[in-house]
Amino acid sequence: MAALSGRFIGPAGRDQTSGTPKPAKLPTGADDPAEGRRLWAASEQLTGVPFDL
């Protein structure tokens with residue numbers, strides 16, 4: 001199976017914490033653009049590396 005844009009692939013095991021990867025439900029809030037920006041900024045700050053895209 002090919003991974004498709006916009007799909008989440010995660011572990012197939014109990015509570016999606018282990019196991020063979022498969023299409024899975026996207027965790028609540030994982031597609032929040034504001035949260036993405038916050039995490040991106042935190043990554044830059046913590047690593048000291050700017051990610052100019």
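As the structure is a computational prediction, the values presented were derived from the model and not from experiment.

A. Molecular detail of helix α1 (residues 33-47). An ideal rise of 1.5 Å per residue puts 21 Å on 15 residues; α1 measures up with 21 Å between its terminal C-alpha atoms. With a side-chain oxygen positioned 3.0 Å from the backbone nitrogen of Ala 34, the residue opening α1 is Asp 32. Phi turns positive, to about 75°, at Gly 48, one or two residues after α1.

B. Looking closely at the environment of Leu 26. Secondary-structure assignment places Leu 26 in the loop between β2 (21-24) and α1. Judged by relative accessible area, Leu 26 falls into the partly exposed class, the value being 38%. Taking the C-alpha atoms as reference points, Leu 26 and Leu 4, separated by 22 residues in sequence, lie 13 Å from one another.

C. Main features of the pattern of salt bridges. Throughout the structure, instances matching the rule amount to one salt bridge. Note that Arg 38 is salt-bridged to Glu 35, the shortest N-O span being 2.7 Å. Placement of both Arg 38 and Glu 35 in helix α1 is noted, with a separation of three residues, approximately one turn of the helix.

D. Geometry of a nonpolar patch on the surface. Side chains of Trp 40, Val 49, Phe 51 and Leu 53 sit close together on the surface and give an oily, nonpolar patch of about 460 Å² of accessible area. When you line up the elements, Leu 53 lands in the segment after α1. A relative accessible area of 94% places Leu 53 in the exposed class.

About the criteria used
- Residues numbered from 1 in each chain as written.
- Predicted model: local features only at pLDDT ≥ 70, side-chain atom pairs only at ≥ 80, totals over all residues.
- Heavy atoms only, no water.
- Helix = DSSP H or I, 4+ residues; strand = E, 2+ residues; numbered from the N terminus.
- Expected span 1.5 Å × (residues − 1).
- Polar contact = N/O pair within 3.5 Å; in protein donor to acceptor, adjacent residues only side chain to side chain.
- Buried < 20%, exposed > 50% of the residue type's maximum accessible area, 1.4 Å probe, protein only.
- Salt bridge = Lys/Arg side-chain N within 4 Å of Asp/Glu carboxyl O.
- Patch = residues over 30% accessible without salt bridge, like charges linked within 9 Å, V, L, I, M, F, W, Y side chains within 5 Å.
- Areas by Shrake-Rupley, 256 points an atom, 1.4 Å probe, with all protein chains shown as cover.

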